[in-house]
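Residue-level structural notes
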Amino acid sequence: MSWQLTEQDLPDLARGAAVLGTGGGGDPYVGQLLARQAIREHGPITVLDPDELDDDTLVIPTAQMGAPTVVHEKLPRGSEPVDALRALEKHLGRTADATMPIECGGINSMIPLVVAARTRLPVVDADGMGRAFPELQMETFGVYGVPGSPMAIAGERGETTVIDTGADNKHMEWLARGVTVRLGGVAHIAEYAMTGAQVKRTAVPRTLTLALTIGRAIRQARERNADPIAALAEALSHTLYAHLRVLFRGKISDVERRTEAGFARGRATAQSFDGQHELELRFQNENLVALVDGTVRCVVPDLVCVLESEQAEPITTETLRYGQRVTVVGISTPALMRTPEALAVFGPAAFGLPYSFTPVEEAAVGTTA
């Protein structure tokens, strides 16, 4: 069933998207500001359930790409993703019937909302990552046969370009990353144009609703002085992301972060409150793996989320700081993100990690206080 997304939904959506962003996906607060302005100017947004789509509907996902650290210094105008959409429509010779997120985490939960408000298109309640990933080929769309190109890229000065690499989504990512670097480290894109039938076959369903559910669960737990992480676990237990495991509780002791080749890369360590255990996080825009005392406790594609210990506010990789008191949780991903085909595209080996994938509900035994 379709529903209306209003300005009042945005804080909860942004918080939930930050959790699903696993530390990356761009700053959801910036996205919230852009979406709020667009809704104030153009009215609420119609959100479509993927099962409601006609098979021949044309859906064009829209997003931002680049290093999350750049967005703090290079705020978008808000018109760039619409420019990308129009450039791809012109190339295809057909107008979109709806837009959709490529990822449900971070700022890219919000960019399609900006497009939807500004164009009066509906947005589909689904995405192609079920979280955030750093590279464009890391999509369930591509895993299950939808080519990412032709794709359009738009910059802040109104420039646009179209990249077409056929079915080679990894080469599309390589070229688009180079263009994005030359546009200042951040750009806006339209890609993975597909039919309604393809959305229903390849997308992770109802992830905008999921982000809202997560954000509301945390907020409502705070309001009643309950444990927000327990509330989050309970909320997730009724979704495709059924398993939450607390991996570590402690204080950030070191952060190494650098921006290179259009990505924010690095690692962070934390010490447990009793001083007996150490956590290591490795990230490429998003958190990729959590190791406790050298043992893998959660690894991509499952979600490694860093939350502030008291309020469970999600902490992004660009805002990790020495001394923060954190609770690190692992969250399971849906089954279509754990198939051999999916793991070949966005499992540990795709990031050069020397680990095999073990579901978080099997790898995370107990917690470290």
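Residues numbered from 1 in each chain as written. Predicted model: local features only at pLDDT ≥ 70, side-chain atom pairs only at ≥ 80, totals over all residues. Heavy atoms only, no water.

1. What about helix H5 (residues 111-119)?
Cut-off, in case you're wondering: For the exposure calls, accessible area comes from a 1.4 Å probe over protein chains only, and a residue counts as buried if that area is under 20% of its type's maximum, exposed if over 50%, partly exposed in between. Counting from the N terminus, the helices are DSSP H or I runs at least four residues long and the strands are E runs at least two residues long.
The buried count for H5 comes to eight of nine residues, which makes it a mostly enclosed element. Of all the residues in H5, the buried ones are Ile111, Pro112, Leu113, Val114, Val115, Ala116, Ala117 and Thr119. Just past H5, the residue arginine 120 takes up positive phi, approximately 65 degrees.

2. Examining the pattern of salt bridges
The condition that has to hold: In what follows, salt bridge is the name for a side-chain nitrogen of Lys or Arg lying within 4 Å of a carboxyl oxygen of Asp or Glu.
Applying the stated criterion to the full structure yields 20 salt bridges. A salt bridge links aspartate 51 to arginine 206, with the nearest nitrogen and oxygen atoms 2.8 Å apart. With aspartate 51 in the loop between strand S2 (45-48) and strand S3 (58-66) and arginine 206 in the loop between strand S11 (204-205) and helix H9 (207-223), this pair connects stretches of sequence that are 155 residues apart. A residue is classified by how much of its surface remains accessible, and arginine 206, at 33% relative accessible area, is partly exposed. Notably, a salt bridge pairs arginine 267 with glutamate 280, separated by 3.3 Å at the nearest N-O pair. Of this pair, arginine 267 sits in strand S13 (residues 263-272) while glutamate 280 sits in strand S14 (residues 278-284), and the two are 13 residues apart along the sequence. Assessed through its relative accessible area of 28%, arginine 267 is described here as partly exposed. For glutamate 280, a relative accessible area of 18% translates into the label buried. Salt bridges linked by common partners bring Asp9, Asp12, Arg15, Arg216, Arg219, Arg222, Glu223 and Glu313 together as one network.

3. A look at helix H2 (residues 28-42)
Basically, it comes down to this: By definition here, a helix of n residues has an expected span of 1.5 Å times n minus one.
Look at H2: 20 Å from first C-alpha to last across 15 residues, which is about the 21 Å you get at 1.5 Å a residue. Of all the residues in H2, the buried ones are Pro28, Val30, Gly31, Gln32, Leu34, Ala35, Ala38 and Ile39. Just downstream of H2, glycine 43 is the residue with a positive phi angle, here 100 degrees.

4. Considering the nonpolar core
Under the convention used in this document: To qualify as a nonpolar core, a set must consist of buried Ala, Val, Leu, Ile, Met, Phe, Trp, Tyr and Cys residues joined through side-chain atoms within 4.5 Å. The contact definition used throughout considers only heavy atoms, calling two residues in contact when any of these lie within 4.5 Å.
If you look at the biggest cluster of nonpolar residues, it comprises 56 residues, and the most contacted ones within it are Leu13, Leu113 and Ile331. Top contributing element to this core by residue count: H9, with six residues. With residues up to four places along the chain from it excluded, the contact list for isoleucine 331 reads Val19, Leu236, Tyr241, His243, Leu244, Asp302, Leu303, Cys305 and Val360. Leu53, Ala63, Met172 and Ala187 belong to the second-largest nonpolar core, a separate cluster that totals 25 residues.

5. Notes on the packing of aromatic side chains
Note the cut-off: Ring pairs shown here join Phe, Tyr and Trp side chains whose ring centres sit within 6.5 Å, with only the six-membered ring taken for Trp; geometry is labelled stacked below 30 degrees between planes, edge-to-face above 60, and tilted in between.
Under the definition given, this model contains three aromatic pairs. Three or more aromatic residues joined by ring pairs form one cluster here, namely Phe133, Phe346 and Phe351.

6. Structural notes on the packing of helix H1 (residues 10-20) against H9
Put simply, the rule is: Lines fitted to C-alpha atoms define the axes, with helix axes restricted to the stretch in contact, and inter-axis angles between N-to-C directions lie between 0 and 180 degrees. Here roughly perpendicular refers to angles of 65 to 115 degrees, roughly parallel to angles under 35, roughly antiparallel to angles over 145, and oblique to all remaining angles.
The interhelical angle for the contact between H1 and H9, taken along N-to-C directions, is 105 degrees, at an axis separation of 7 Å. Taken together, H1 and H9 sit at an angle that is classed as roughly perpendicular. For the pair formed by H1 and H9, the contact residues are Asp12, Leu13, Arg15, Gly16, Ala17, Val19 and Leu20 on the first element and Thr207, Leu208, Leu210, Ala211, Leu212, Ile214, Gly215, Arg216, Ile218, Arg219 and Arg222 on the second.

7. Some remarks on the packing of H2 against H5
Which entries qualify depends on this criterion: Should the near helix be turned counterclockwise from the far one by less than a right angle, the crossing is left-handed, whereas a clockwise turn marks it as right-handed. Charged residues are taken to be Asp, Glu, Lys and Arg, nonpolar residues to be Ala, Val, Leu, Ile, Met, Phe, Trp, Tyr, Cys and Pro, and polar residues to be all remaining types, Gly included.
Two numbers describe how H2 lies on H5: the axes approach to 9 Å, and their chain directions differ by 15 degrees. In terms of orientation, H2 lies roughly parallel with respect to H5. Handedness of the crossing formed by H2 with H5: left-handed. Where H2 abuts H5, its residues Leu34, Ala35, Ala38, Ile39 and His42 lie against Ile111, Leu113, Val114, Ala117 and Arg118. Split by residue class, the contact of H2 with H5 holds eight nonpolar, one polar and one charged.

8. A look at the pairing of S14
Here is the rule: Between any two strands, pairing holds if DSSP finds at least two bridges.
In terms of residue burial, S14 counts as a mostly covered element, since five of its seven residues are buried. Two elements, S13 and S14, share seven bridges in a ladder whose sense is antiparallel. Of the residues in S14, the one forming a bridge with alanine 268 is leucine 281.

9. Quick look at the sheet that holds S14
What the seven strands build is an open sheet, ordered S16-S15-S14-S13-S12-S18-S17; its pairing is antiparallel. Looking along the sheet, the strands with just one partner apiece sit at the ends: strand S16 (295-299) and strand S17 (303-308). Direction aside, neighbouring strands of the sheet carry axes that sit 35 degrees apart on average. Pairing between strand S12 (residues 244-260) and S13: ten bridges, direction antiparallel. Paired with aspartate 254 across the bridge in S13 is threonine 269.

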